[in-house]
Amino acid sequence: MKPHRLAIEAFGPYADPVAIDFDELAAEGLFLIHGTTGAGKTFLLDALCFALYGEVSGDRSVKGLRSDHAAPGAVPRVSLEFSCGTARYRVERTPAHTAPKARGQGTTEKPPQAVLFRLDAGAPEQPIAAKTTEVTREVEGLVGLSAAQFRQVILLPQGRFAEVLRAKAEEREALLKTLFDTVIYERAGWWLEDRAREAKNLALEQAREQEVLRRRAADAWGPHAPEPPEGTEPPPPPADQGGLEALVADIAAVVQGTEAALRSASASLQEAQASQAALAAQADRFDRRAAATTLLGELEAKKETVEAYRQKLALAEQAERLRSSLGAEQGARQSLALVEQGLQEQLRAARQARDVAQALPPTVLGLDLVALPSAEALASAGADLAARGAEVRELAKKAEEAAQAGGAAAAASQRAGEVEAGRATAVTQQGLLAAEQERELALLSQARSARDQLEGLQRAAREAEGRAVAAEAIAPARERQHAAEVARNGADRQVNTAAAGLNELRRRQIEGMAARLAGGLAAGAPCPVCGATDHPAPARPSADAVDDGAIAAAERTLAAANQAAQASAVALANAQAALAAVLEKAGDGADPLAARQAAGSAAAAQLAAQALADGLPALEQRTADREQQRQQLAKAIEAAATAIALDRRAAGEASQRQRTLAEQVVRELGEGLEPGTVLRAFGPLEAALKALVAGAGAHTRASSELEQAARRLGQELAASAFATAADAAAALQEESWRLKLVERIAAYEAAVIEQRNLLAAPDLADLPEQRPDTVAAGEAVTRADAVRTRAVERHSEARAAQREITRLTAEHRAGATALAEKQEKAERLSAVANRCQGKAAPYISLQRWVLSAYLADICGYANQRLTLMTSGRYQLRLTDEGGHGGRNAGLGLRVLDAYTGEEREVSSLSGGETFQASLALALGVADTVQAHAGGVPLEALFIDEGFGSLDPDNLQLAMDELDRLREGGRLIGLISHVGALRERIRGGIEVIAGERGSSLRVGVTA
């Protein structure tokens, strides 16, 4: 991926639109991004990363990326043109932000947006994706790197890769996991552990099942095992397959013994049953003879009773021929009694109905209702009553019309009263609305004025808050400047002291040089200074002689002092710049208390105006609603006056109609009588008269039927054996009784004949006087059967135990083979899992072994550069930090010092050496990630800070290495404050901070 043009607007510190043409900077290949602290240098890398992936490069959040200096309606936007291979693309992104509403007051939340175009020469832009997730997915496919890999390969954040160099092995492992996708190896180890655990559990479960089989076999054998000697424990369950086979043989012997006992018991039972059967047959014949003799005696004793029943049956059959006439006469008599009883009830009902009724005709009043009147009198009274009812119904209609007219009059009066009350209420509400409308119009005027002043008050509040913050920062900035000056002066003194000490040591070393040369003279050998072979008085070393080690230590002290002095100078410059910035921003408000009070007053005024302006739409709506309500009330008052007049006129007309109809009813019916009441009393009386007419006819018919039935019964009694109807009725019996009595007499005669025939049978002759004893024979059979039952139970239990033990033995035999296979599989899986999880030699997990291989590749790439940057002095070496069985074995780092030929801890490197090693390691990580990402071409590289820790010589070596990186057209951008870089790198980007945001200047750095 190679960037060509980056455009930013309302993003971070960049309020106004700015653009960077990377093609202009590509001629040199290496360019510098510089500016004051906090100006927004690193934010350029954030914008580059955000345009591609929707993420920022540092520790910032994607929330709040909109510039605080931008105008309220400005939309934050980042656009990047870049190429991958021969194709060129443009991506645009807008972060989520808060924007003013297009209509009305307030703000709304805008979601993030993104779009990706393909740019072909001579053709219009071709959109590829228009959703944030789709754009990110397409960019990852084009660039070949994820956002995390992009930050590791192309953007090297400030001070981050020193963590990889100085980290402990466990920390380095976590960092390497973020660089390389090795989770599959970790999951593989977990998966193998799970499989090994499952295999082990299966083997243990199989072993437990085998033990259960042996215990169940022992339980099945237990009831049949011989009793152990007194005082000894029962034998334990079988421990193996051989023990189970022995149980199979033992239970077979037990089954043979129970089978022989069963055959013996069965023979004894058969003999006892045969003897019992012979005695039982003889006892049965004895019992049948005794029973027949007893039953025949009982039948002879019932002979007179049976004869009486024969006579009663004959009378019942004669009376049965009179049953129809008896029933007809009794039914007619009962019907007549019921009719007469009903007539009395009807007469009583008629009297009660006439007593209640009023305004009756004379014919109805003249009826004698104590006895049944004649049919003519009843018919005349009924006709007159019906005519009178028709007259009363007409009067009832008139009374109902009068009542309706009265109700209508009352309802009209009530409506007129209600409308009058509503009109009064509406008049009152009209006055209240007028007063409220006047007050709201005054508030509306104030809110509109506040809305017009709001923008100016907001701007004044922001400016006052900025001056207050700057004023409050003046004192801390001055303290930091003073502390930086003190630190710089102390560092300068340290440099002077270290330089003076080194010069003194060198002077003393030179003075003692003769003694050092004399130490190497030998008799007869020429002097390296004068060439003489005779050495009469060689110089001797003084007590304060200085060796090379002391000189080297002093040089290191001086280098450290120089480095500290440079750092203090940079810190002082930063503190001075920060103080100047806050003084410029504070302006006339240098007094923090006054500036804060002014900011509070401006903020309060802005909040008050905002509150009034926010309420403007509601006030306008309420004012419009009040006017609409006032118009509606006026219309309601006018309509109420019309309704009152109409209702009052309707009430008068209805009252006049009610009076006229009431006078007609009283005139025709009489004073105090209601037509409805009179008419309701006519109904029961009419029904009672009709019932009397029907009852008279029924009485005549019932009397005639009784007379006919009595005449026929008398004729039939004269020809029968009965003197009276009562005698015939007493002899009557139901047919079921007569049939049952016939059956019982026949059964009696059959039983007598049967018992006499039974006693004459030949098989009941020649029987003994005493009954045979069958109880003893039965007891013998019971005893023999109990013995056989116990033998059957023992034989069945033994055979069941034999089947169970045989089955369990076979299952145990098959389970032993399965157990051996499961144990072998569990051992193999456990060995592999322990090896991959680092629990077995060489005690390094599969994932850590892969990470160690990645780290070896990183060190290989890093040493190629570190050797050049340190003139061949340092190289990084992998160490087994954890040692044998260490939890983090294989991830240790040490540094090889070619000057001493020994390895030492990376923490022993100086600040500049640490940066060199970190830079080399970071570039090695980039090369390794590139190699393992499919060889993604890296046409651009951005490095943020770190060069200030290098001395001039090492800075030169680092720059030489960076020069080699840009060979072949690679674009490299550096963010740094180091002045030497500005002298070395002529092209770059200067970031300029201002009160209204930062701006850019692209071109020559010096």
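Right, let's walk through the structure included here. The structure displayed is predicted, hence computed values, not measured ones. (Residues numbered from 1 in each chain as written. Predicted model: local features only at pLDDT ≥ 70, side-chain atom pairs only at ≥ 80, totals over all residues. Heavy atoms only, no water.)

### Focus: helix α15 (residues 592-614)
Compared with an ideal rise of 1.5 Å per residue, which puts 23 residues at 33 Å, α15 spans 32 Å between its outermost C-alpha atoms and is within 8% of the ideal. Those residues of α15 that sit buried are A595, A599, A602, Q606, A609, Q610 and A613. (Helix = DSSP H or I, 4+ residues; strand = E, 2+ residues; numbered from the N terminus. Expected span 1.5 Å × (residues − 1). Buried < 20%, exposed > 50% of the residue type's maximum accessible area, 1.4 Å probe, protein only.)

### Quick word on the pairing of strand β5 (residues 87-94)
Counting buried residues along β5, six of its eight residues qualify, which places the element largely inside the surrounding structure. With seven bridges connecting them, strand β4 (residues 77-84) and β5 associate as antiparallel partners. Note that in β5 the partner of L80 across the bridge is V91. Hairpin connection of β4 to β5: two residues between the antiparallel strands, including G85 at a positive phi of 70°. Sheet analysis places β5 next to strand β8 (residues 113-119), joined by seven bridges and oriented antiparallel. In the strand pairing of β8, R88 is matched with L119. (Pairing = 2+ DSSP bridges.)

### Points about the pairing of strand β1 (residues 2-9)
The element β1 is extensively covered by neighbouring structure, given that six of its eight residues are classed as buried. The pairing of β1 with β4 spans seven bridges and is antiparallel. Bridge pairing links A7 to S79 in β4.

### Re helix α8 (residues 241-301)
The end-to-end C-alpha separation of α8 is 85 Å, in line with the 90 Å expected for 61 residues at 1.5 Å each. Looking at where α8 begins, the residue whose side-chain oxygen comes 3.4 Å from the main-chain nitrogen of G242 is D240. (Polar contact = N/O pair within 3.5 Å; in protein donor to acceptor, adjacent residues only side chain to side chain.)

### Let's talk about empty space enclosed by the protein
One water molecule sets the probe size; rolling that probe over the atoms shows where empty space is left. A complete count under the given rule lists two cavities of 30 Å³ or more for this structure. Of the pockets and cavities examined, the second largest cavity occupies roughly 50 Å³. The wall of the second largest cavity is formed by L6, I20, F22, I33, L44, L45, L48, F942 and I989. A total of three residues in the lining of the second largest cavity trace back to one element, the largest contributor, which is helix α2 (residues 41-53). Classifying every residue of the lining of the second largest cavity by side-chain character gives nine nonpolar, no polar and no charged. (1 Å grid on protein atoms, 1.4 Å probe; cavity = no way out; pocket = protein on both sides within 12 Å on 5 of 7 lines; lining within 4 Å. Points joined across faces, edges and corners; volume = space filled by probe spheres on them. Nonpolar A, V, L, I, M, F, W, Y, C, P; charged D, E, K, R; others polar.)

### A few points about the pattern of salt bridges
Tallied over the full model, the rule gives 28 salt bridges. We note a salt bridge from E259 to R263, for which the minimum N-O separation is 3.8 Å. Here E259 and its partner R263 are both found in helix α8, four residues apart, which amounts to about one turn of the helix. Among the residues examined, E259 registers a relative accessible area of 37% and is labelled partly exposed. When its relative accessible area of 53% is taken as the criterion, R263 is described as exposed. (Salt bridge = Lys/Arg side-chain N within 4 Å of Asp/Glu carboxyl O.)

### Section: the sheet that holds strand β12 (residues 892-897)
Pairing between sheet strands relies on hydrogen bonds along the backbone, with the strands arranged either parallel or antiparallel. Strand order in this open sheet of three strands is β11-β12-β13, and the pairing throughout is antiparallel. Edge positions in the open sheet fall to β11 (874-879) and β13 (902-905), since each of these has one partner strand only. Taken pair by pair, the neighbouring strands of this sheet meet at an average axis angle of 40°, ignoring direction. Bridge count for β12 against β13 is four bridges, and the pairing is antiparallel. (Axes fitted to C-alpha atoms, helices over the stretch in contact; angles between N-to-C directions.)

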